[in-house]
Amino acid sequence: MVPEGWKLDYPTELVSFFSGFAFKSTDSVDAGVRWLKIANVGIGEVKWDDESYLPQHFQECYHRFYLQVGDIVVAMTRPTLGNHLKVAKIKDKDDEALLNQRVAKLVIKKGNDSEFVYQVFRTESIAARINSALLGTDPPNLSVSVLRDFTIPIPPLPEQKKIAQILSTWDQAITATERLLENSQQRKKGLMQQLLTGKKRLLGFEGEWEQVPLGSIFERVTTRNEGQSTNVVTISGQQGLIRQQEFFKKSVASETLDNYFLLKKGQFAYNKSYSNGYPMGAIKRLNRYDDGVVTTLYICFELADEHAANSDFYEQYFESGLLNQGLMQVAHEGGRAHGLLNVKPSDFFSLMLQKPDIDEQKAIANVLCIADSEIDAQKARLEQLRSEKRALMQQLLTGKRRVQVETEAA
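Residues numbered from 1 in each chain as written. Predicted model: local features only at pLDDT ≥ 70, side-chain atom pairs only at ≥ 80, totals over all residues. Heavy atoms only, no water.

K.L.:
Just to check I follow, could you spell out the packing of aromatic side chains for this structure?
P.N.:
Within a pair of aromatic rings, the relevant descriptors are the distance that separates the centres and the angle that separates the planes. For the structure on display, the rule yields 24 aromatic pairs. A ring pair is formed by Phe 21 and Tyr 62, whose centres lie 4.9 Å apart and whose planes are at 40°; its orientation type is tilted. Here Phe 21, found in the loop between strand S2 (15–19) and strand S3 (33–36), pairs with Tyr 62, found in the loop between helix H1 (58–61) and strand S5 (66–67); they are 41 residues apart in sequence, far enough to count as distant. Tyr 62 sits in the partly exposed class, given a relative accessible area of 25%. On the numbers, 5.1 Å between centres and 75° between planes, the contact of Phe 23 with Tyr 62 is edge-to-face. Of this pair, Phe 23 sits in the loop between S2 and S3 while Tyr 62 is found in the loop between H1 and S5, placing the two residues 39 residues apart along the sequence. Following the ring pairs from residue to residue traces out a cluster consisting of Phe 218, Phe 268, Tyr 270, Phe 301, Phe 313, Tyr 314, Tyr 317, Phe 318, Phe 348 and Phe 349. Residue placement shows Lys 37 over the ring face of Trp 35; its charged tip is 4.1 Å from the ring centre. (Phe/Tyr/Trp six-rings, centres within 6.5 Å; stacked < 30°, edge-to-face > 60°. Helix = DSSP H or I, 4+ residues; strand = E, 2+ residues; numbered from the N terminus. Buried < 20%, exposed > 50% of the residue type's maximum accessible area, 1.4 Å probe, protein only. Lys NZ or Arg CZ within 6 Å of the ring centre and 35° of its normal.)

See below:
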């Protein structure tokens with residue numbers, strides 16, 4: 001059902017594409033005007049992880065291809081990532097750049113609101129319809145004809161502006177919360193580097209720390225699963241030890257789990273596969289479940305004496321990456337394509353750790369756990385805002401929920 005006053009039409013009624021220029025790789029320079037390529041277009045943001053530049057005078061020579069604040073860009077080749085379209089807005093002067101081929105600027109047609117169009121192109125329904133239209137094409141390329149493969153509800157301009165204003169308010173709240181979260185994570189990182197190395201001491205603690213081998217604090221766990229558990233878990237850098245079914249959306253374990261290691265709550269596992277943010281692999285403690293079974297490729301271990309060392313302290317210690325230097329000295333990349341590091345258990349347990357007094361361990365762990373609680377609260381708030389916005393988009397952009405628009409007469 002199309003709401004009263006709205007129309008059902010092709011997305012091409014909202015926009016046209018202005019494609020980027022085919023700059024040559026030989027045009028690249030070390031400094032100059034930013035060069036926006038397809039890799040820089042993320043989900044709702046321009047990413048400058050991979051920075052490239054063109055000569056400064058290109059800005060004037062190719063001014064038609066120069067992106068300014070407010071412009072909206074979309075990836076033309078492989079335009080979707082999961083349930084989202086790779087579309088972003090140039091939000092500030094630092095993001096202004098020359099537009100490369102395979103990326104296009106959305107040119108807003110007369111009678112439409114730019115921010116409204118941006119919100120429409122960020123919906124999961126648009127991505128799903130584009131994915132459907134591109135099914136079977138290799139590589140998938142976005143084009144005008146693709147946008148004429150389906151229709152969407154389009155409100156009149158005053159309603160577009162009001163809808164955009166409401167959704168932009170949520171975007172601002174999301175951006176502010178993302179910044180708070182990033183600041184808290186940076187503060188926590190700084191605290192870890194200071195407190196876990198002894199560079200900064202908490203009030204009331206002094207004296208030298210011991211440096212001891214990991215094997216003097218922990219002992220290896222090699223208990224085999226003999227039907228006690230069917231809870232297959234895997235190590236995720238961001239989520240810790242988590243059920244395979246939840247992480248991969250499927251089970252990748254063998255049908256029989258009897259040869260897996262059985263891990264109990266509070267025990268640790270080291271995944272020798274490196275991943276984003278964990279160049280030497282990740283060590284995680286089992287926190288979510290009472291037990292779990294893990295691949296025998298992991299090195300599993302637990303505290304040898306809970307009265308001599310604090311588990312929370314060493315969970316933070318392992319997460320800080322302070323073992324990376326030692327791991328680099330003992331690890332050699334194996335022949336596996338997924339990047340498994342060849343770390344022998346004997347070498348792993350020989351790695352040297354800092355060992356403060358048990359009371360100082362507890363005090364440091366308490367400070368860092370409080371910082372974690374703050375980060376977790378901000379993550380929950382961020383997810384709540386994103387969920388609220390998704391629900392609002394579903395209601396407002398389909399007309400299921402109408403907005404109040406002041407008429408000219410009023």
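K.L.:
Please explain the environment of Phe 313 as it appears in this structure.
P.N.:
Within the secondary structure layout, Phe 313 lies in helix H7 (residues 311–319). Residues Phe 313 and Ala 363, spaced 50 residues apart in sequence, show a C-alpha to C-alpha distance of 8.7 Å.

K.L.:
Help me out: how do you make sense of the sheet that holds strand S11 (residues 103–108) in this one?
P.N.:
Strands pair in a sheet through their backbones, by hydrogen bonds, and they do so in one of two ways: parallel or antiparallel. If you trace the four strands from one edge of the open sheet to the other, you get S2-S11-S6-S9, paired in antiparallel fashion. Both outer strands of the open sheet, S2 and strand S9 (87–89), are each paired with one neighbouring strand and no more. Each neighbouring strand pair of the sheet contributes to a mean axis angle of 35°, computed without reference to strand direction. Sheet topology places strand S6 (residues 72–75) next to S9; three bridges connect them, and they run antiparallel. Residue pairing across strands places Ile 72 opposite Lys 89, the latter belonging to S9. The strands that helix H2 (residues 114–121) touches are S2, S6, S9 and S11; relative to S9, the one it contacts most, it runs at about 150°. (Pairing = 2+ DSSP bridges. Axes fitted to C-alpha atoms, helices over the stretch in contact; angles between N-to-C directions. Contact = heavy atoms within 4.5 Å.)

K.L.:
Mind showing me how you'd approach the sheet that holds strand S19 (residues 282–285) here?
P.N.:
Within the open sheet, the four strands sit side by side as S14-S21-S18-S19. Their pairing is antiparallel. Either end of the sheet is taken by a strand with one partner, and the two such strands are strand S14 (218–220) and S19. On average, adjacent strands in this sheet sit at an angle of 30° to one another, irrespective of strand direction. Relative to S19, strand S18 (residues 268–271) runs antiparallel, the two sharing four bridges. Across the sheet, residue Tyr 270 finds its bridge partner in S19, namely Ile 283. In this fold H7 packs onto S14, S18, S19 and strand S21 (299–303), with an angle of close to 155° to the strand it touches most, S19.

K.L.:
Is there a simple way to explain H7 in this structure?
P.N.:
It helps to recall that an α-helix has 3.6 residues per turn; residues three or four apart then point in one direction. Every buried residue of H7 is accounted for by Ser 311, Phe 313, Tyr 314, Gln 316, Tyr 317 and Phe 318. Put simply, Asn 310 is the residue that caps the front of H7, since its side-chain oxygen is 3.1 Å from the backbone nitrogen of Asp 312. Phi for Gly 321, located one or two positions after H7, is positive at around 85°. (Polar contact = N/O pair within 3.5 Å; in protein donor to acceptor, adjacent residues only side chain to side chain.)

K.L.:
I'm lost on the pattern of salt bridges in this one. Help?
P.N.:
Opposite charge on two side chains allows them to pair when their charged atoms are near. Summed over the entire model, instances satisfying the criterion amount to 15 salt bridges. Arg 122 is paired through a salt bridge with Asp 171; the nearest N and O atoms lie 3.3 Å apart. Remark: Asp 171 occurs in helix H5 (residues 157–195) and Arg 122 occurs in the loop between H2 and helix H3 (124–133); sequence separation between them is 49 residues. For Asp 171, a relative accessible area of 14% puts it in the buried group. Counted as one network, the salt bridges with shared partners bring together Arg 122, Asp 171 and Lys 389. (Salt bridge = Lys/Arg side-chain N within 4 Å of Asp/Glu carboxyl O.)

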